[in-house]
Amino acid sequence: MTDLNAFLEPGMLVRHPGQPDWGLGQVQSNINGRITVNFRDQGKVVLDGSVVALLPVFET
């Protein structure tokens, strides 16, 4: 499977489509398909970019 989140860069805001209760998250890093996101209500999470497509948030 391909990296569904290759365009994500540190500082971008995202939401996890399967975990809406995690709240808004800020991308910390995106290295080789492993995305580290600091979510407001969940904390720091490392995700496999080939498994979940994070939803970019352009307005808060």
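Everything numeric in this text was worked out from a predicted model, so none of it was measured. (Residues numbered from 1 in each chain as written. Predicted model: local features only at pLDDT ≥ 70, side-chain atom pairs only at ≥ 80, totals over all residues. Heavy atoms only, no water.)

Visitor: Outline the overall build of the protein chain, listing residues and values.
Guide: Along its length, the protein chain carries zero helices and five strands. Order of helices (α) and strands (β) in the protein chain, N terminus to C terminus: β-β-β-β-β. Against the 2.2 N^0.38 benchmark of 10 Å for 60 residues, the protein chain shows a C-alpha radius of gyration of 10 Å, consistent with a compact globule. Along the longest, intermediate and shortest principal axes, the C-alpha atoms of the protein chain span 25 × 20 × 20 Å. Out of the 60 residues in the protein chain, the part that is buried amounts to 37%. Considering only contacts within the protein chain whose residues lie at least 6 apart along the sequence, 38% involve residues at least 24 apart. When the accessible area of the protein chain is evaluated, it comes to approximately 3,900 Å², of which 50% is carbon and sulfur surface. (Helix = DSSP H or I, 4+ residues; strand = E, 2+ residues; numbered from the N terminus. Rg over C-alpha atoms; globule rule 2.2 N^0.38 Å. Buried < 20%, exposed > 50% of the residue type's maximum accessible area, 1.4 Å probe, protein only. Contact = heavy atoms within 4.5 Å. Areas by Shrake-Rupley, 256 points an atom, 1.4 Å probe, with all protein chains shown as cover.)

Visitor: Explain the sheet that holds strand S4 (residues 43–48) residue by residue, including any values.
Guide: Spatially, S4-S3-S2-S1-S5 is the arrangement adopted by the five strands of the open sheet, whose pairing is antiparallel. Across the chains shown, the open sheet's two edge strands, defined by having one partner strand only, are S4 and strand S5 (55–57). Strand-to-strand, the axes of this sheet are offset by a mean angle of 40°, without reference to chain direction. (Pairing = 2+ DSSP bridges. Axes fitted to C-alpha atoms, helices over the stretch in contact; angles between N-to-C directions.)

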